[in-house]
Structures are given as C-alpha cells and as structure tokens.
Amino acid sequence: MDAFDLLHGRNSVAKLCEPAPGKEALENIYRAALRAPDHARLRPWRFLSVTGDGRNKLGELYARALAARNSQATVAELDKARGKALRAPLIVVVVACIQAHPKVPKVEQLLSAGCAAHAMLLAVHALGFAGIWRTGANAFDRMVMDGLGLAANEELIGFLYLGTVDGKAKPLAELNVADYVQEWK
Ligand SMILES: Cc1cc2nc3c(=O)[nH]c(=O)nc-3n(C[C@H](O)[C@H](O)[C@H](O)COP(=O)(O)O)c2cc1C
C-alpha cells in the first residue's frame, strides 16, 4: 500500500470480526510500535495481547471494576461490560511505563506510547485488518490496571480492538487542512 494512501485512509472500525492478525502480522504490528518517536530512547511502553479465553477474563475484570465503581450496576449493565471484551478477536492493551528522567517528563512518555498506538493502527490497516483505539472508564480504573498487572509507574493508554471489518467501513471525515493550519509570522 502506498504510504500516503495509508496515512490518509486509515479508518477506525468499531464493528470487528474474525480473523484477527495472525502471529506474523502481529509481529509486524509490534515492530511498527517500536518505531515510535522516543526521547532519550526510554522505550516507555509495553503491550499485552489478549485473545481467546483471555478476552473472557478481561470481560470479567471489566464487570468487577464496574461493580466496584457502581454498586447499583444492574445485571444487564454488568453483562454489557463483560461483552465489551468480546467486541474484537484481538485486544492489544497499550501501557505507558513512566520512568524518572531529568529531560523527559511524563507527558513526553505518554505521547510516545500514544505514537506507538497510532503506529500499530496504521500497521493494522496496511495489513488489511482494522481496529479502533478505545479507553473509557476501564482505561483509568486502578482495578483494571492491577488485574492486567500494571505497576504503579504504568498507565493504560488504551485498548486497541483489532480484527477484520464486519460489514462496511465508515466514510472518512472530510477535513480541510486550511482549517487547522495557520502561518505564524
Ligand atoms: C486516546 C483515545 C481514546 C479513545 N477512546 C475511545 C473510546 O473509548 N470509545 C470510542 O468509541 N472511541 C474512542 N476513541 C476514538 C476512536 O479511536 C476513533 O479515533 C474515532 O472513532 C474516529 O475514527 P477515526 O480514527 O477513523 O477518525 C479514542 C481515541 C483516542 C485517541
């Protein structure tokens, strides 16, 4: 795929189905993440692949976290939380590993992890698969972070739900460069 077709055409897809990227594709996707811009080469990221029964366990974690956040949550709401982990055949959890550094503040490390996430979405698209970056309450919930094994210096940047487009991809937003770019004199 032409590089600009990829950069201009990447599209998030909420409705995903099998197949997920396989072993070789996933290796390439992670290699794209490892090319994220990274001040002082801290490599301030790591990734968790969640597939198969791991998704059921993640769904249970989502439900437990919801129950802890809201003791009034209904059975239907807890079921819905469980189901969120089954929205795609593969979930990549993007983790920022924040390190103390005299020249690289936390925000730069979070941005580097964000760039890694974007690189993965581009790689997924280039390989003919699709995905969407989601956060929501689960990404900021300590119970979810603990359940996934995140350390105290780590933050959950997002869940990349990955698979194959189920149905039709949404139309791309038409944005004008001129609306977002000014010349500064
Ligand atoms: C940090 C971050 C968190 C996001 N969280 C969610 C989310 O929880 N739910 C959601 O529907 N979209 C979320 N999005 C937006 C989608 O990933 C996506 O960008 C959006 O649907 C627009 O589609 P597009 O990427 O094709 O323009 C998030 C995006 C970012 C960058």
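Attention in this report is confined to the structure presented alongside it. Sequence order as written defines the numbering, with residues in each chain counted from 1. Only residues with pLDDT of at least 70 are given local features in this predicted model, and only at 80 or more are side-chain atom pairs given and counted; all residues enter the totals for whole chains, interfaces and linings. As a rule here, side-chain values cover all heavy atoms of the structure and leave hydrogens and water aside.

Below, the discussion takes up the overall build of the protein chain. When helices and strands are counted, the protein chain shows 6 helices and 5 strands. Under the scheme used here, helices are H or I runs from DSSP no shorter than 4 residues and strands are E runs no shorter than 2 residues, and both carry numbers assigned from the N terminus. From first element to last, N terminus to C terminus, the protein chain shows the α and β order α-β-α-β-α-α-β-α-β-α-β. A compact globule built from 185 residues would reach a C-alpha radius of gyration of about 16 Å, and the protein chain, at 18 Å, matches this within 12%. Considered along the principal axes of its C-alpha atoms, the protein chain spans approximately 55 × 45 × 35 Å. Each residue gets one of three labels from its accessible area relative to the maximum for its type: buried under 20%, exposed over 50%, partly exposed in between, using a 1.4 Å probe on protein chains only. Residues counted as buried form 42% of the 185 residues belonging to the protein chain. A separation threshold of at least 6 residues defines the contact pool for the protein chain, and within that pool the share at least 24 residues apart is 78%. Per-residue and other accessible areas follow the Shrake-Rupley method at a 1.4 Å probe size, with only the shown protein chains counted as cover for residues. For the protein chain, the exposed surface amounts to about 11000 Å²; the carbon and sulfur share of it is 56%. Charged residues are defined here as Lys and Arg on the positive side and Asp and Glu on the negative side; His and the ends of the chain fall outside this count. Charge coordinates come from a single atom per side chain, which is NZ of Lys, CZ of Arg, CG of Asp or CD of Glu. Positive and negative side-chain charges in the protein chain, numbering 23 and 19 respectively, have mean positions lying 3 Å apart. Our radius of gyration looks at C-alpha atoms and nothing else; its globule reference is 2.2 Å times the residue count to the power 0.38. Should any heavy atoms of two residues lie within 4.5 Å, those residues are considered in contact.

Before going further, it helps to examine the nonpolar core. Inside soluble globular proteins, nonpolar side chains tend to come together where they are buried. With 28 residues, the main nonpolar core has Leu 58, Ile 91, Val 93, Leu 148, Leu 156, Phe 159 and Tyr 161 as its most contacted residues. Going through the elements one at a time, β2 (45-50), α3 (53-69), α4 (75-84), β3 (90-97), β4 (130-134), α6 (142-147) and β5 (154-165) are the ones with two or more residues in this core. By residue number, the principal contributor to this core is α3, which donates 5 residues. When residues no more than four places from it in sequence are discounted, the contact partners of Ile 91 are Leu 48, Ser 49, Val 50, Arg 55, Leu 58, Ala 85, Phe 159, Leu 160 and Tyr 161. Residues belong to a common nonpolar core when they are buried Ala, Val, Leu, Ile, Met, Phe, Trp, Tyr or Cys residues joined through side-chain atoms within 4.5 Å. Core analysis: the next-biggest nonpolar cluster, separate from the first, contains 25 residues, Ala 36, Trp 45, Ala 96 and Leu 160 among them.

Below, the discussion takes up unusual backbone geometry. Among all residues save glycine, negative phi is the norm, and among peptide bonds the norm is trans. Note the cis peptide between Glu 18 and Pro 19, where omega equals 0°. One can find Pro 19 in the loop between β1 (16-17) and α2 (23-33). Of note, the phi angle at Ala 40 is positive, near 65°, even though the residue is not glycine. Judged by its relative accessible area of 41%, Ala 40 falls in the partly exposed class. At Arg 41, a residue that is not glycine, the phi angle is positive and equals roughly 50°. Structurally, Arg 41 can be placed in the loop between α2 and β2. Classification of Arg 41 as exposed rests on a relative accessible area of 65%.

Our next topic: the site of the ligand. By convention in these notes, a residue is near a molecule or strand provided one of its non-hydrogen atoms lies within 4 Å of it. In the vicinity of the ligand, the contacting residues are Arg 10, Asn 11, Ser 12, Ile 132, Trp 133, Arg 134, Thr 135, Gly 136 and Lys 170. Counted as a polar contact is a pair of N or O atoms within 3.5 Å, where, for protein atoms, one must be capable of donating a hydrogen and the other of accepting one, and residues adjacent in sequence contribute only when both atoms are in side chains. One nitrogen or oxygen atom from the main chain of Trp 133 is found 2.7 Å from an oxygen atom belonging to the ligand. Here the ligand has 620 Å² of accessible area as a free molecule, and 52% of this is covered by the chains.

So, on to the packing of aromatic side chains. Aromatic contacts are taken between Phe, Tyr and Trp rings whose centres are within 6.5 Å, Trp giving its six-membered ring; a plane angle under 30 degrees counts as stacked, one over 60 as edge-to-face, and the others as tilted. Within the structure shown, the criterion is met by 4 aromatic pairs. Here Tyr 62 and Phe 159 contribute two aromatic rings whose centre-to-centre distance is 5.5 Å and whose plane-to-plane angle is 85°, an arrangement assigned as edge-to-face. Of this pair, Tyr 62 sits in helix α3 while Phe 159 is found in strand β5, placing the two residues 97 residues apart along the sequence. On the basis of an interplanar angle of 50° and a centroid distance of 6.4 Å, the ring pair of Phe 159 and Tyr 161 is categorised as tilted. Considered together, Phe 159 and Tyr 161 belong to a single accessibility category, that of buried residues. What links up through ring pairs into an aromatic cluster is the set Tyr 30, Trp 45 and Phe 47.

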